[in-house]
Each structure stands twice: as C-alpha cells, then as structure tokens.
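Observations on chain architecture
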Amino acid sequence: MSDPLLLTPEEAATVLRLGRTTVYALMKAGDLHPVHIGRSCRLSRSELERYVRGLDAPRTAPRALRPTRTTTEQPGLFKLGPTSPDAA
C-alpha cells in the first residue's frame, strides 16, 4: 500500500523531523493548514511539502525594499501634554 494521504500531527512531526508541539504551534500560527474531519485533525502530505518549499524562500526583503530606519531623536515622544490623562 502507498503512503497515507492524511497524517496525524504526530505522524507529520515524524515526517518533518520536528516535535509534536512544534507541529501544533505551526498549525496555530497558520503556517500549516490542517484538514478537520469531525473532531480529528489531519495534515496532507501536499501541505507538508508546501510548507517545506516555503522554507526555501528568502525571508528578508532586498535592501532597496527594506524600510528605512527613522531617527532616534524624537524629543516630544515622552512629553505629557495638557490633554494627557497623567497631566492632572
């Protein structure tokens, strides 16, 4: 028989060589998209492959697309004005 199409989170953890808790955290974060059948939660092999392919993508934006750093000199940042609730 061929490999099963749907895996439990524990089986997916074994395939990915991760801990079970990590797989559940990835599902909660939305990085892995499980299939719910009744009260059961399963992960498809294609979903695991999609996740792994996404790991190969560059995570940082090219230098030209990175936001520029603003100056740290912001003198009015912590001044309390007359409309501040702490000014009373």
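For the structure itself, consult the block above.
Calculation notes
Throughout, residues of each chain are indexed from 1 in the direction in which the sequence is written. With the structure being a predicted model, the display of local features is reserved for residues of pLDDT at least 70 and the display and counting of side-chain atom pairs for 80 or more, all residues being used for whole-chain, interface and lining totals. Heavy atoms from the whole structure form the basis of all side-chain values; hydrogens and water molecules are not counted. Helix numbering and strand numbering both begin at the N terminus, where a helix is a DSSP run of H or I of at least 4 residues and a strand a DSSP run of E of at least 2. A simple rule labels every residue: compare its accessible area, found with a 1.4 Å probe on the protein chains alone, to the largest value its type can have, and call it buried under 20%, exposed over 50%, or partly exposed in between. Should any heavy atoms of two residues lie within 4.5 Å, those residues are counted as being in contact. At least two bridges found by DSSP between two strands is the condition for calling them paired. When a carboxyl oxygen of Asp or Glu lies within 4 Å of a side-chain nitrogen of Lys or Arg, that pair is called a salt bridge.

So, on to the side chain of Ser44. Considering the arrangement of structural elements, one finds Ser44 in strand β3 (residues 40–44). Overall, Ser44 belongs to the buried group, its relative accessible area being 16%. In this structure, Ser44 is in contact with Leu5 and Leu6, ignoring residues within four places of it in sequence.

Across two bridges, strand β1 (residues 6–7) lies against β3 in antiparallel orientation. Residue Leu6 lies in a different strand from β3, and its bridge partner there is Ser44. Sheet analysis places strand β2 (residues 35–37) next to β3, joined by three bridges and oriented antiparallel. What sits directly across from His36, in β3, is Cys41. In sequence, β2 turns back onto β3 through a hairpin of two residues, with Gly38 there showing a positive phi of about 65°.

Glancing now at the pattern of salt bridges. Counted under the stated rule, the structure contains one salt bridge. Between Glu47 and Arg50 there is a salt bridge whose closest N-O contact spans 2.5 Å. Separated by three residues within a single helix, Glu47 and Arg50 lie in helix α3 (residues 45–55), roughly one turn from each other. Residue Glu47 is classed as buried on the basis of its relative accessible area, which comes to 10%.

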